[in-house]
Amino acid sequence: MGFEVVCEVEPPTRPDLQKVRHQIGVLSPVADSFLIPDNHIGRATVSSVAVAHEVQAMGARGIACLNSRDRNLLGFRRDLLTAAAYGVERFLFVYGDKPRAGGRTSELTVRAMMEEARAASEDEVFAGCGPFQVGVTSGLRSVPAWKQAADLTFVQVSYSVESLLRWRESAGVDGPVYAGVMVLASAGMARNLAAAIPDIDIPADLVEAVERDRAAGVAAACEQVLAIRDSGAFDGVHLVPVSRYREVAARLERDL
């Protein structure tokens, strides 16, 4: 497969899939796959496995994100069974954003989830299914050996292609790697990102441009997608269009 654009969709926080179906329909001309977050930014959402199944029913490829924060081992095994029943085979395992209320459900870790998913391929319960493809996330730093064994690696959002390329040269990751690209929608969003990702570098001129013109964040993200593709160093991008998915789809359909 060539350069893959994995678009993240906003998961529904109500029992209504109309909005997510609209996102998929708008982005389908430019997206190769769709990533569905799990209890996005600490809010309860419709199951990412169920939405990934909906994506596939619409003729696209789905990647279900599962966080370790909100489930114990039994709950995770339930998710794997549900995914197998729905034909969902690609996952991204993450720790999970800080919940708005309460704390972690259990001590389940991303590493333990990865080991369980691997073991499922040898379990007769899953005969005829899978194997599951497991993705993990990485910051722009060294990647531990257990993460290097993942099928897919999603690198943190960065606004510097040069930083991404430096990381790629030293990361030691052999499998497919997707660079994170996020549309910067406002100066407030820039501050929130800087607080959430301490080592992120958001250019001041980009923040100023977005304050002057809301379209500047879309233009910068789409240009970065093209620059990452043209570098030849990555297998694709993990694109987070936020609420600007219509504008992103229109621009990438023109430029890709």
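All residue numbers refer to position in the chain's written sequence, counted from 1. A pLDDT threshold of at least 70 governs which residues receive local features in this predicted model, and a stricter bar of 80 or more applies before side-chain atom pairs are shown or counted, although totals over entire chains, interfaces and linings include all residues. Side-chain measures were taken over the full set of non-hydrogen atoms in the model, leaving aside hydrogen atoms and water.

Q: What's the story with the overall build of the protein in this structure? I'm lost.
A: Per the secondary structure count, the protein includes 10 helices and eight strands. Taken over C-alpha atoms, the radius of gyration is set against a globule rule of 2.2 Å times the number of residues to the power 0.38. Computed over C-alpha atoms, the radius of gyration of the protein comes to 18 Å, within 12% of the 18 Å expected from 2.2 N^0.38 for 256 residues, which places it in the range of a compact globule. Overall size of the protein, expressed as C-alpha extent along the three principal axes, is 55 × 40 × 40 Å. Accessible area is worked out with a 1.4 Å probe on protein chains only. A residue is then buried under 20% of its type maximum, exposed over 50%, and partly exposed in between. Looking at the 256 residues of the protein, the share that counts as buried comes to 50%. Helix numbering and strand numbering both begin at the N terminus, where a helix is a DSSP run of H or I of at least 4 residues and a strand a DSSP run of E of at least 2.

Q: Hey, could you run me through helix α9 (residues 215-231) in this one?
A: The periodicity of an α-helix, 3.6 residues per turn, causes residues three or four places apart in sequence to face the same way. Multiply 1.5 Å by the residue count of a helix minus one, and that product is the helix's expected span. With 17 residues, α9 should reach 24 Å at 1.5 Å per residue; the first-to-last C-alpha distance of 25 Å fits that figure. Buried within α9 we find Ala 216, Gly 217, Val 218, Ala 219, Ala 221, Cys 222, Gln 224, Val 225, Leu 226 and Ile 228. Only heavy atoms matter for contacts: two residues are in contact if any of them lie within 4.5 Å across the pair. The elements touched by buried residues of α9 are α6 (161-170), β7 (177-182), α8 (204-212), β8 (236-240) and α10 (245-255). Gly 232 sits one or two positions beyond α9 and adopts a positive phi of about 75°.

Q: Is there a simple way to explain the pairing of strand β5 (residues 133-138) in this structure?
A: Regular strands place side chains that alternate from one sheet face to the opposite one. Here, any two strands with at least 2 DSSP bridges between them count as paired. The pairing of strand β4 (residues 90-94) with β5 spans three bridges and is parallel. Its bridge partner lying in β5, Arg 90 is registered against Gln 133. Of the strand pairs in this sheet, β5 and strand β6 (residues 152-157) are connected by four bridges, and their pairing is parallel. Bridge pairing links Ser 138 to Val 155 in β6.

Q: What am I meant to see in the sheet that holds strand β3 (residues 61-67) here?
A: Backbone-to-backbone hydrogen bonds pair the strands of a sheet. The strands run either parallel or antiparallel. Around the barrel, which closes on itself, the eight strands sit in the order β1-β2-β3-β4-β5-β6-β7-β8 with parallel pairing between neighbours. On average, each strand axis in the sheet is tilted by 25° relative to the strand beside it, whichever way the strands run. All axes here are fitted lines through C-alpha atoms, helices being fitted over the stretch that makes contact, and every angle between N-to-C directions spans 0 to 180 degrees. Those strands touched by α9 are β7 and β8, and its axis lies near 160° from that of β7.

Q: Quick question: what am I supposed to make of the packing of helix α2 (residues 48-57) against helix α3 (residues 73-86) here?
A: Look at α2 against α3: their axes get within 10 Å of each other, and the N-to-C directions meet at 10°. Our classification of the angle between α2 and α3 gives roughly parallel. Residues Val 49, Ala 50, His 53 and Gln 56 of α2 form the contact with α3, whose own contacting residues are Asp 79, Thr 82, Ala 83 and Tyr 86. When its residues are assigned to classes, the contact of α2 with α3 shows four nonpolar, three polar and one charged. Orientation labels follow simple angle bins: below 35 degrees gives roughly parallel, above 145 gives roughly antiparallel, 65 to 115 gives roughly perpendicular, and whatever is left gives oblique. For this classification, the nonpolar set comprises Ala, Val, Leu, Ile, Met, Phe, Trp, Tyr, Cys and Pro, the charged set comprises Asp, Glu, Lys and Arg, and every other residue, Gly included, is treated as polar.

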